[in-house]
Each structure stands twice: as C-alpha cells, then as structure tokens.
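So you can see what is in the structure, the chains are spelled out below.
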Amino acid sequence: MPSPATPSPHHRLRIVVAEDSVLLREGLVGLLTRFGHEVPAALGDAEGLRAAVEEHAPDLVLTDVRMPPTFQDEGLRAALALRAERPKLPVLVLSQYVQRSYAAELLDTGEGTGVGYLLKDRVGQVEQFADAVTQVAAGGTVVDPEVVRQLIRRRRDPLEQLTPREREVLGLVAEGRSNASIAAELVVSEAAVGKHIGNILGKLDLPPADGTHRRVLAVLAYLRA
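What counts, and where the lines are drawn
Residues numbered from 1 in each chain as written. Predicted model: local features only at pLDDT ≥ 70, side-chain atom pairs only at ≥ 80, totals over all residues. Heavy atoms only, no water. Axes fitted to C-alpha atoms, helices over the stretch in contact; angles between N-to-C directions. Helix = DSSP H or I, 4+ residues; strand = E, 2+ residues; numbered from the N terminus. Parallel < 35°, antiparallel > 145°, perpendicular 65-115°, else oblique. Left-handed = near helix turned anticlockwise from the far one by under 90°. Contact = heavy atoms within 4.5 Å. Nonpolar A, V, L, I, M, F, W, Y, C, P; charged D, E, K, R; others polar. Buried < 20%, exposed > 50% of the residue type's maximum accessible area, 1.4 Å probe, protein only. Pairing = 2+ DSSP bridges. Core = buried A, V, L, I, M, F, W, Y, C linked by side-chain atoms within 4.5 Å. Phe/Tyr/Trp six-rings, centres within 6.5 Å; stacked < 30°, edge-to-face > 60°. Lys NZ or Arg CZ within 6 Å of the ring centre and 35° of its normal. Salt bridge = Lys/Arg side-chain N within 4 Å of Asp/Glu carboxyl O.

Labelled according to an unreviewed UniProt entry, the protein appears under the name Response regulator transcription factor, originating from Streptomyces durmitorensis.

Attention now goes to the packing of helix α3 (residues 74–85) against helix α4 (residues 100–108). Packing of α3 against α4 brings their axes to within 10 Å, and their N-to-C directions diverge by 25 degrees. Taken together, the axes of α3 and α4 lie roughly parallel to each other. In this structure, the crossing between α3 and α4 has a hand that is left-handed. The residues of α4 that touch α3, namely those facing L76, R77, A79, L80 and R83, are Y102, A103, E105 and L106. In terms of residue class, the contact of α3 with α4 is built from 6 nonpolar, no polar and 3 charged.

Burial analysis of strand β1 (residues 14–18) places 4 of its 5 residues in the buried class, which makes it a mostly covered element. Of the pairings in the sheet, the one linking β1 to strand β2 (residues 38–43) comprises 4 bridges and is parallel in character. When the sheet's bridge partners are listed, V17 is paired in β2 with A42. Bridge analysis of β1 against strand β3 (residues 60–63) gives 4 bridges, and the strand direction is parallel. Opposite V16, over in β3, you have V61 as the bridge partner.

Our focus in this paragraph is the sheet that holds strand β5 (residues 115–119). Judged by pairing direction, the sheet is parallel, and its 6 strands sit side by side in the order β2-β1-β3-β4-β5-β6 without closing on themselves. Bordering the open sheet on either side are β2 and β6 (141–143), each of which pairs with just one other strand. Looking at each pair of strands side by side, their axes are set apart by 15 degrees on average, direction ignored. Note: strand β4 (residues 91–95) against β5, 5 bridges, orientation parallel. Looking at the pairing, L94 lines up with L118 of β5.

Attention now goes to unusual backbone geometry. With an omega of 10 degrees, the peptide bond between P68 and P69 qualifies as cis. A positive phi angle, close to 55 degrees, is found at V187, a residue other than glycine. Examined against the element boundaries, V187 turns out to sit in the loop between α8 (179–186) and α9 (190–203).

So, about the nonpolar core. In terms of nonpolar packing, the biggest core is built from 30 residues, with L49, V61, L76, V93, L106 and Y117 touching the most fellow members. Secondary structure elements with two or more residues in this core: β1, β2, α2 (49–56), α3, β4, α4, β5 and α6 (145–156). With residues up to four places along the chain from it excluded, the contact list for L76 reads D64, V65, V93, Q99, Y102, A103, L106 and Y117. Among the nonpolar cores identified, the runner-up in size contains 19 residues, and L13, V17, V29 and L94 belong to it.

What follows is about the packing of aromatic side chains. Scanning the entire structure with this criterion turns up 0 aromatic pairs. Taking NZ or CZ as reference, R66 lies 3.6 Å from the ring centre of Y97, over its face.

With that out of the way, let us pick up the side chain of T63. The topology assignment puts T63 in strand β3. With a relative accessible area of 1%, T63 lands in the buried category. Among all residues touching T63, those that are not within four sequence positions of it are A18, L49, G75, A79, V91, L92, V93 and L94.

Turning to the pattern of salt bridges, a few remarks are in order. Inspection of every chain in the model, using the stated rule, returns 11 salt bridges. Note that R50 is salt-bridged to E85, the shortest N-O span being 2.1 Å. Of this pair, R50 sits in helix α2 while E85 sits in helix α3, and the two are 35 residues apart along the sequence. Classification of R50 as partly exposed rests on a relative accessible area of 40%. Of the residues examined, E85 reaches a relative accessible area of 29% and is grouped as partly exposed.

Put into structure tokens, the structure is as follows:
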C-alpha cells in the first residue's frame, strides 16, 4: 500500500477531507486551497473515505467524528481503520466532540506520530489550524488541551462516575451473570437492571455496537480500575 511522503514545512499537501456539513466541507476545501494545498477528494460521509485514500494516496486525512448514517463515530472509526492499514498516514480529526473511547486509541496508533485532534469551536485562528495541518502531515502530534484533559480524567478512574448500585451491577456483569440473574440477586426487575447497564455503558463512554461487545468492554474497564 502506498505511504504518503513526509512533507517539508512549506510542502504542497494532498489532503482528503471527510466532513458531513456541506458548508463546513466547502469552507475547509477553500481554506486548504488558500494555503496552497490540494484537495483531491472531499466527502460527506466516512464510507467513501477509505476508497478515496486508496485512490489518491494523500499526505493527510482531515476528518470529522460524527458522520452519516448514525452520526456517532463513523469518521473516527474510519480514521482508526486507515491507521491500522497505513500506520504512517497522518490523520487530523476536527470535531465538536471528544469521543474518548476512540480518541485515546487513535492517539496510540503509529506510535503517536502524525496524528491530531482539534475541537472546531476552540480553533481561534485560521493560521493556527493551518499550522496544525502542516505539523501533523510532517509527523507531529497536535491535540487540543481539552481533549487531553478529558482523556486524562477518563484514564484516572473510568468508574468514578458510576453510582454504588451501578458498580454493583457491573461487578455482577463481570461474573458473567445475565440480566435475569442480576435482577434475582439484587431483588429488582430486569427492566431496572437493563436501565442500570444502559447508564453504565453511557457513563463509560462506550461506543454504540453489538450489545454483548459493549458488555465485554464495560467489564474490561471494571477490571482495569
């Protein structure tokens, strides 16, 4: 698979953009072009991102997090898949949200080089954004301080947000108990157990996925704490 060349600070970059908002997407294309870069593909969804990277072998991928069809984390998951295939492919995430589950994983890829995560509302100057693009494309790491703060808080104790009852339920989940078994143990309804588990998954910031897989991830968080 082709790997992007490492650009010099003033190198003309080939950048693939994935952003579902048409106005922001066109704005990014115009801004990047203004700074002398080329945008061979600008997409409104994450589905075509991998194909665009395969076709254009860009120097950098610029992607949002929440994109069609579910507007959850498609862009970030696509970025992770691309980094798994091409560890040296620079990726800059530009989003309104910190998707902590995948953000930490993305920042761990490629030994933490050539990766960035910026929050749209906190980019104060156009030049600041342009510099971040150049730094990430050159193999640097650029992360918004708010992203760092949230990741550190999550890593310190992922269970700190759980109530005592939710911790109790999670402990029983870790024993491999079914919802019915947990309900019998705690003398509550299965519906109450389901609500507790839903709250646990939400507080642990686990991505929407197969229900069984999310329970496994919750148990791993419990065991690591």
